[in-house]
Amino acid sequence: MDRFSYIANSEAAYIDDLYRAYKQDPGSVDGSWQKFFEGFEFSQSYGENGNGNGHSNADQTTSKPVIDTKHAEKEVSVASLIKAYRSRGHLLAKTNPIRNRKDRSPRIGLEDYALTEADLDTVFEAGTLLGIGPSSLRKIMESLEKIYAGTIGFEYMYIREIDVKNWLRNKIEKEALVFDPTIEEKKRILTKLNEATVFENFLHTKYLGQKRFSLEGGETTIPALDAIINYASELGVEEVMIGMAHRGRLNVLVNILGKSYESVFSGFEGNVPDQVFGDGDVKYHLGYSSLIESSTGKQISLKLAPNPSHLEAVNPIIEGFVRAQADEEYAGNFDKIMPILIHGDAAVAGQGIVYEVTQMAKLAGYQTGGTLHFVINNQVGFTTDFEDARSSIYCSDVAKIIDAPVFHVNGDDPEAVVFCAKLAVEFREKFNRDVFIDMVCYRRYGHNESDEPKFTQPTMYNIIEKHANPREIYNKSLIERGEVDAELASNMDVEFKKELQDRLDMVKQKAEIPYKPLRLDREWAELRVSTPEDFERSPETGVPMETLEKIGNALVTIPTGFKPLKQIDKLLKDRRQMVFENKQVNWGTAELLAYGSILLENKVVRLSGQDVQRGTFSHRHAVLHDSETNQSYSLLDHIQDGQQKMQIYNSLLSEYGVLGFEFGYAMATPHALVIWEAQFGDFSNGAQVIIDQFISSGESKWGLMNGLVMLLPHGYEGQGPEHSNARPERYLQLSAEYNMVVANVTTPANFFHLMRRQLTWPFRKPLIVMSPKSLLRHPQVVSPLEDLTRGSFKEVLPDGFATGKKVKRILLCTGKIYYELLEKQQADKREDVAIIRLEQLHPFPQKQLDAILASYSKTAELVWVQEEPSNMGAWTFLLRSALDLKLRGITRKNSASPATGYSKVHAQEQADIIRRAFE
């Protein structure tokens, strides 16, 4: 077939390759191609010159067959044309409801394939490729136009797995032509469209000018979600977790999740719920959960996560939540729970977090069995035209990096949207991979309801003003087809408006409306909100010695035949000596003992981040690798039979996405210790949105507790501005109302108790730890094993050397600087200078500190010492928190950069701080 390379198109080469594969093994190509090649060879061997129809008409008087070369060439052209429609027909599809599409030069005309209108009535074997048998080119073209250039544009030919691509192609080509919902399904679509339309219209008339980020123009989202959820339930999905930004959120809350209309109206009235915790949030940021009955009578749990204004920031939260639920509730069965992410077109194209989360889709530590992405593509972002919003043709082009199919569909054709919805659900459930629906629609009003869109899109909004809404268009279509009573939609309209008015009257009459916040899991009901008294003393968190020794044994034992590196051999010997001979442990060992103790309590421990299995500074070595086979061995998985396994994953090179994922995981699992470790503490600045919008404020805004731990390596060791400072000042500035814990710990035992305290508390708080670097191997940073068997986390550690009334100066500090101060104190035998460590900075341990200070003279000078510049670190926080203390600060000078890049300057600055502290 290579003689047909005259076709100036890649499709000919593709077909040529397929034909070669067919000749070697017919079973290696798809069935439709087998039929085509069989027919093609038959027509080549027995075709009649000039016959033109490719049918057999062998010349009985001739010994040699006559080959119709011209027709054979055209067969290849038609096959190439079919391939081209499959690949690029979406560029012609009528997906835009309000304007003509931009010409993307799809090159799928007859002339591109050496075909003309004179060939339209010729029968071609290539029709078998479409499942319609040998057919005229006219019929083939009609089928291609209807399937690939109608109101749906299918993008899937870039998928590299042949079985996935073939499944999609067969579904599309067999079902798109014949899809016809039943009368009941059509009425349901119309009903959901009606609910969406009337609800928005009602709010628009009753609360003129109030922000609601309306769905108008994209109302078909509601029947689409309805179809997705119902069909998912039919296929065995028991839980759906939805993440979305503002547009259409109120509509989704009431018409999909079943939130009461009066609750929404109450929000518009500005009423404050009686049982609210914290400061609350605006109505179009709130989450909700419900248990609904699907159209087939099955129960399905629905959740809509709360989100901030950072649009796509909720994406990793959803994925983490779904992964946790799949792990814990559904024994790893992703078919039982499905994440749905609803995007705006400008946001899905413009926000980098979308790429980070998309790259997680197939990774062992982060996969969730496929996400269904639904893009409400209203062709404008705030006021930005799509030409200015992206360089790619489609807003959904990020899908291609993971071979996820995209169904572009016209939002004014609700039946086509529902077809895409069902196909997407079936695809996700079958292959457990991502799928995108790009519903092209429009935004009837401005970015919000008080905004004037004509300032920036006057011509588009002239069209939109005159354009009927999707419900009107669909109702008219049904009436024209004679499928629906003409009065049905108007009756729906009247009845629904009356119901809404009745509910609004209830609100205006101040009827009591029960407050129903987002409830995530029954296990959260076992916990309570914290009180200030909870932070005056930490709970007991010791572990019996025999338990520690059992864990210690696992930490030093490797399987027979496992060959570690020589350095690991030494590590295991050192660990054994620490635990079983010296009975004192360093940081890494105490950390692993803490995790092991929690695993033995049948609780989950999940740790992820860049290089966490060994640790950035090679201190952890929780997972070992055979030096010859690279086989991995997780030490903490082998403490005892039936235990929880350690979940420890080296992450992709992402901070924003991974921290968000872990926050979501912790949001679903209150009894799991979930940890994200930054490679260096300052790398967390790449995840600042998660820290600001979720970690520090989530409990106050949404009433959601979260016990996520962040380990941020911090300390000035002369490594320059990027690897010294984890920016504790940022977390301390965000600290208020007991919202999170910020700690800077100096002993392995205290870190052990700190980690165990996370799950011992009867509530949950995020924990930010300025974790060590050089202290990981500091000879003095060890703790007696006995200290892990008793006691609790110590928020403040006293000085055991300089005590009593002879102390003239008290140095308060936190973290690594303590050991440098200690070295000076001990070298000079300064019993007149005491050093007190604040191991926890927030909530500020005032009572614990006061108890220690009481043993010193009231005239002793109080000095705060830190290695960070004066405008960084804890100094300004101390001035705000320790109002009763007259503090003087010894710090580096105010600085724009966190640290010097010159090691000699660093050493001079560090020495100067220590000198000034003792002068």
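Above this text you will find the structure in question.
Let us look at the structure shown here. Since we're looking at a predicted model, the values are computed, not measured.

**Description of the sheet that holds strand β8 (residues 372-377)**
By way of backbone hydrogen bonds, the strands of a sheet pair with one another, either parallel or antiparallel. Taken together, eight strands build an open sheet; the order of strands is β3-β11-β12-β8-β7-β4-β6-β5 and the sheet is mixed. Looking along the sheet, the strands with just one partner apiece sit at the ends: β3 (152-155) and β5 (288-293). Direction aside, the axes of adjacent strands within the sheet are offset by 20° on average. Across six bridges, the pairing between β8 and strand β12 (residues 435-440) is parallel. Across the sheet, the residue bridging to H373 is F436, located in β12.

**Considerations on the nonpolar core**
Residues F199, I228 and I437 are the most contacted members of the largest nonpolar core, which totals 109 residues. Element by element, the count of residues in this core is highest for helix α14 (residues 414-431), at eleven residues. When residues no more than four places from it in sequence are discounted, the contact partners of I437 are I228, L372, H373, F374, V375, F407, V409, C420, A421 and A424. With 86 residues, the next largest nonpolar core counts A399, A672, Y731 and L841 among its residues.

**What about the pairing of strand β19 (residues 709-713)?**
Burial analysis of β19 places five of its five residues in the buried class, the great majority of the element. Summarising the sheet, strand β18 (residues 673-677) and β19 pair through three bridges and their orientation is parallel. Note that in β19 the partner of I675 across the bridge is V709. In this structure, β19 lies alongside strand β21 (residues 767-771), joined through five bridges in parallel fashion. Note on β21: the bridge partner recorded for L711 is V769.

**Side note on empty space enclosed by the protein**
Evaluation of the coordinates by the stated rule reveals eight cavities of 30 Å³ or more. Each pocket or cavity is described by its volume, and for the largest cavity that value is around 100 Å³. Lining the largest cavity are 17 residues, and of these H714, N744, G815, K816 and E867 lie nearest its centre. Those elements that place two or more of their residues in the lining of the largest cavity are β21 and β27 (861-869). Top contributing element to the lining of the largest cavity by residue count: β27, with three residues.

**Section: the pairing of strand β25 (residues 833-838)**
Along β25, six of the six residues are buried, which leaves the element largely enclosed by surrounding structure. Neither face of β25 is left uncovered, since the one carrying V833, I835 and R837 and the one carrying A834, I836 and L838 both have all their residues buried. Summarising the sheet, strand β23 (residues 796-797) and β25 pair through two bridges and their orientation is antiparallel. Note on β25: the bridge partner recorded for V796 is L838. Across five bridges, strand β24 (residues 809-813) lies against β25 in parallel orientation. For I810, the partnering residue across the bridge sits in β25 and is A834. Where the polypeptide runs from β24 across helix α26 (residues 817-828) and back to β25, its parallel neighbour, the crossover connection is right-handed.

**Observations concerning the packing of aromatic side chains**
Tallied over the full model, the rule gives 25 aromatic pairs. A centroid spacing of 4.8 Å and a plane angle of 25° characterise the contact between W761 and F763, whose relative ring orientation is stacked. Since its relative accessible area comes to 3%, W761 is described here as buried. Connected via pairs of aromatic rings, a cluster forms that spans Y148, F154, F179, F407 and F419. Cation over ring: K422 sits above Y231, and NZ or CZ is 5.6 Å from the ring centre. The ring centre of F431 lies 5.6 Å from the NZ or CZ of K430, which sits over that ring.

**Things to note about the pattern of salt bridges**
Inspection of the entire model under this criterion finds 48 salt bridges. Among the salt bridges present, the one from R138 reaches D121, with a minimum N-O distance of 3.1 Å. Within this pair, whereas R138 is found in helix α4 (residues 137-148), its partner D121 is found in the loop between α3 (69-88) and β1 (123-124), the two being separated by 17 residues in sequence. Exposure remark for R138: the relative accessible area of 36% places this residue in the partly exposed category. Here D121 falls in the exposed class, since its relative accessible area comes to 56%. Across the salt bridge formed by D403 and R160, the nearest N and O atoms sit 2.9 Å from each other. Residue D403 is located in the loop between α13 (386-389) and β11 (406-410), and its partner R160 is located in the loop between β3 and α5 (162-175); the two are separated by 243 residues in the primary sequence.

**Details of the side chain of E239**
If you trace the backbone, E239 turns up in strand β4 (residues 239-244). Residue E239 is classed as buried on the basis of its relative accessible area, which comes to 3%. Apart from the residues lying within four places of it in its own chain, the contact partners of E239 are I300, S301, K303, F321, Q325, Y330, K336, I337 and M338.

**Focus on the state of the cysteines**
One pass over the structure, following the stated rule, counts zero disulfides. C441 supplies the cysteine sulfur nearest to C395, a cysteine that is in no disulfide, at a spacing of 10 Å. Of all cysteine sulfurs in the structure, the one in C441 sits closest to C420, which takes part in no disulfide; the separation is 13 Å.

**Looking at helix α15 (residues 458-466)**
Residues of α15 that are buried include every one of M460, Y461 and I464, and no others. Relative to the axis of α15, the buried residues are bounded by an arc of 90° and lie together on one face. Exposed and facing more than 90 degrees away from the buried side of α15 are T459, E465 and K466. Buried positions along α15 lie against β9 (380-381).

**Re the sheet that holds strand β28 (residues 887-892)**
Taken together, five strands build an open sheet; the order of strands is β23-β25-β24-β27-β28 and the sheet is mixed. The open sheet terminates on both sides in strands that have one partner only, identified here as β23 and β28.

**So, the packing of α5 against α14**
The geometry of α5 relative to α14 is characterised by a closest axis approach of 12 Å and an angle of 155° between their N-to-C directions. Between α5 and α14, the angle falls in the class roughly antiparallel. Along this stretch, α5 crosses α14, giving a crossing that reads as right-handed. Touching D163, V164, W167, L168, K171, I172 and E175 of α5 are F419, L423, E426, F427, K430 and F431, all from α14.

**Remarks on the environment of P470**
Assignment of secondary structure puts P470 in helix α16 (residues 470-480). Residue classification places P470 among the buried positions, given a relative accessible area of 0%. Distance in space between the C-alpha atoms of P470 and G217 is 7.1 Å, their sequence separation being 253 residues. Setting aside anything within four residues of it in sequence, one finds P470 in contact with L193, G217, E219, T220, G411, D412 and Y442.

Scoring rules and cut-offs
- Numbering of residues starts from 1 in each chain and follows the order in which that chain's sequence is written.
- Reporting in this predicted model follows two pLDDT cut-offs: at least 70 for local features of residues, and 80 or more for side-chain atom pairs to be given and counted; totals over whole chains, interfaces and linings ignore these cut-offs and use all residues.
- The side-chain numbers reported here are obtained from all heavy atoms of the structure, hydrogens and water having been left aside.
- We call two strands paired when DSSP finds no fewer than two bridges between them.
- Numbering of helices and strands runs from the N terminus; a helix is a DSSP stretch of H or I covering at least four residues, while a strand is a stretch of E covering at least two.
- Working convention: axes come from line fits to C-alpha atoms, limited for helices to the stretch in contact. Angles between N-to-C directions cover 0 to 180 degrees.
- We call a set of buried residues a nonpolar core when its members are Ala, Val, Leu, Ile, Met, Phe, Trp, Tyr or Cys and they connect through side-chain atoms within 4.5 Å of each other.
- A 1.4 Å probe rolled over the protein chains alone gives each residue an accessible area, and that area as a share of the maximum for its type sets the label: buried under 20%, exposed over 50%, partly exposed in between.
- Pairs of residues are marked as contacts when any of their non-hydrogen atoms sit within 4.5 Å.
- Any residue with an atom within 4 Å of a point lines the site, the site being either a cavity, points on a 1 Å grid over the protein atoms alone where a 1.4 Å probe fits but cannot get out, or a pocket, an open set with protein on both sides within 12 Å along at least 5 of 7 lines.
- Grid points are joined across faces, edges and corners, and a volume is the space filled by probe spheres set on the points.
- When the strands point away from the viewer, a crossover counts as right-handed if the route from the first strand across the helix to the second turns clockwise.
- Side-chain rings of Phe, Tyr and Trp (the six-membered ring for Trp) are treated as a pair once their centres are within 6.5 Å; stacked means planes under 30 degrees apart, edge-to-face means over 60, and tilted covers the remaining angles.
- By the criterion adopted, a ring carries a charge over it if an Arg CZ or a Lys NZ lies within 6 Å of its centre and within 35 degrees of its normal.
- Here, a salt bridge means any side-chain nitrogen of Lys or Arg that lies within 4 Å of a carboxyl oxygen of Asp or Glu.
- Here, a disulfide means two cysteine sulfur atoms that sit within 2.5 Å of each other.
- The reported arc concerns the directions from the helix axis to the C-beta atoms and nothing else.
- For classification purposes, an angle smaller than 35 degrees is called roughly parallel, one larger than 145 roughly antiparallel, one from 65 to 115 roughly perpendicular, and anything else oblique.
- Crossings are assigned a handedness: left-handed for a near helix turned anticlockwise from the far helix by less than a right angle, right-handed for a clockwise turn.

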